[in-house]
Amino acid sequence: MAAAPTTRPQLRYEQVKQYITEHINRGDWSIGERLPSESELVETLGVSRMTVHRALRELMAEGLVTRAQGVGTFVAKPVPRATLLELHDIADDIIAAGHIHTQQVITLESVRADVDLAMAFDQRPGAKLFHSVIVHFEDKIPLQVEERYVSPHFVPDYLEQDFTTLHPHRLLTHISRPDEMEHVIFAITPDRQLQHLLELEEPTTACLQLVRRTWVQGKTVMKGIFTYPGNRYSLGGRYQV
């Protein structure tokens, strides 16, 4: 008789998210109503402030709550969101369209995680991460700025790779396909660095920014921030419902 598949235990921040989500779904907290403060949630649930902060950040990214600085967290009005089931390697997309793909390495370094990155990787602030920034070109025109933070435990030799020819996407998927993947898309006004890397003539040019996290065996192995000029690229998907 085959053994039943095992599932990873629910993390503390996921328990906090579930607690808040269940209250909202039951109607305990209605649209526009303020949630208990972080301090109240810490006391009620017996978790750390960092755990509550991460849960609220993720719920805000998922569109379930909104936050006002110095005021509190509120139940958000539901808004539709398109689901992207899979994104391909940008190099493959460019080549498949009959164009020439090149890439330029801007940054390849080791960094220490700040609070946000520590929460994203379920690590303590100051934990070591690998960081890369690469610009992808289609026929010499910048099409994507790819920024990645990678767990050294997943790819110990990440900084030794030649990313002038090797794409990080191929390296990571060659090691292991992710078990879980999270995508959140934003419309942004690029900062000066992104304007320079994407060679944007108008500083107000809108960009699409995709934030992706991937898990392997229950552990976060990568956080990626992919930025595209809105007038050069589009994101979409087709799937059965």
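Before any of the text, the structure's been laid out above.
Just so it is clear, the model here is predicted, and its values are computed rather than measured.

### Re the layout of surface pockets
Argument step 1. Here the largest pocket is characterised by a volume of approximately 550 Å³.
Argument step 2. What lines the largest pocket is a set of 26 residues, and nearest its centre among them are F121, D122, Q123, K219 and T220.
Argument step 3. Grouping the constituent residues of the lining of the largest pocket by class yields twelve nonpolar, eight polar and six charged.
Argument step 4. Per-domain counts for the lining of the largest pocket show at least three residues from each of domain 1 (12–75) and domain 2 (90–229).
Argument step 5. Volume-wise, the second largest pocket comes out at about 420 Å³.
Argument step 6. Lining the second largest pocket we find 15 residues, and of these R57, A61, E182, V211 and K223 sit closest to its centre.
Argument step 7. Put simply, the parts of the chain that give the lining of the second largest pocket at least two residues each are α3 (49–61), α5 (115–120), β6 (180–188) and β7 (207–216).
Argument step 8. The leading source of residues in the lining of the second largest pocket is α3, at five residues.
Argument step 9. For the lining of the second largest pocket, the domains that each give at least three residues are domain 1 (12–75) and domain 2 (90–229).

### Focus on the packing of helix α1 (residues 12–26) against α3
Argument step 1. The geometry of α1 relative to α3 is characterised by a closest axis approach of 8 Å and an angle of 55° between their N-to-C directions. In terms of their interaxial angle, α1 and α3 are classed as oblique. Seen from above, α1 lies across α3 with right-handed handedness. Residues R12, Y13, V16, K17, I20 and T21 of α1 lie in contact with α3, whose contacting residues are T51, R54, A55, L56, E58 and L59.
Argument step 2. For the contact of α1 with α3, the per-class residue count stands at six nonpolar, two polar and four charged.

### Comments concerning the environment of H99
Argument step 1. Its place among the elements puts H99 in the loop between α4 (90–96) and β3 (101–112).
Argument step 2. By relative accessible area, H99 is classed as partly exposed at 30%.
Argument step 3. For the pair H99 and K140, spaced 41 residues apart in sequence, the C-alpha to C-alpha distance is 9.8 Å.
Argument step 4. The residues contacting H99, other than those within four sequence positions of it, are I94, E138 and D139.
Argument step 5. In this structure the side chain of H99 is engaged in a polar contact, spanning 2.6 Å, whose partner is the side chain of D139.

### Thoughts on unusual backbone geometry
Argument step 1. Notably, E199 is not glycine yet its phi reads approximately 55°, a positive angle.
Argument step 2. By the secondary structure assignment, E199 is in the loop between α7 (192–197) and β7.
Argument step 3. The phi dihedral of Q217 falls on the positive side, at around 55°, and the residue is not glycine.
Argument step 4. Looking at Q217, the relative accessible area reads 73%, which means it is exposed.

### Digging into the side chain of H183
Argument step 1. Topologically, H183 is positioned in strand β6.
Argument step 2. Polar side-chain contacts of H183 include one of 3.2 Å to the side chain of R212.

### Some thoughts on the pairing of strand β4 (residues 128–138)
Argument step 1. Within β4, nine of the eleven residues are buried, which leaves the element mostly enclosed by the surrounding structure.
Argument step 2. In the sheet, β3 pairs with β4 via eleven bridges, with the strands oriented antiparallel. Counterpart to R112 in the pairing with β4 is K128.
Argument step 3. Between β4 and the antiparallel strand that follows it, strand β5 (residues 141–150), lie two residues; D139 among them carries a positive phi value of about 50°.

Calculation criteria
- Residues numbered from 1 in each chain as written.
- Predicted model: local features only at pLDDT ≥ 70, side-chain atom pairs only at ≥ 80, totals over all residues.
- Heavy atoms only, no water.
- 1 Å grid on protein atoms, 1.4 Å probe; cavity = no way out; pocket = protein on both sides within 12 Å on 5 of 7 lines; lining within 4 Å.
- Points joined across faces, edges and corners; volume = space filled by probe spheres on them.
- Nonpolar A, V, L, I, M, F, W, Y, C, P; charged D, E, K, R; others polar.
- Domains from an automatic or database assignment.
- Helix = DSSP H or I, 4+ residues; strand = E, 2+ residues; numbered from the N terminus.
- Axes fitted to C-alpha atoms, helices over the stretch in contact; angles between N-to-C directions.
- Parallel < 35°, antiparallel > 145°, perpendicular 65-115°, else oblique.
- Left-handed = near helix turned anticlockwise from the far one by under 90°.
- Contact = heavy atoms within 4.5 Å.
- Buried < 20%, exposed > 50% of the residue type's maximum accessible area, 1.4 Å probe, protein only.
- Polar contact = N/O pair within 3.5 Å; in protein donor to acceptor, adjacent residues only side chain to side chain.
- Pairing = 2+ DSSP bridges.

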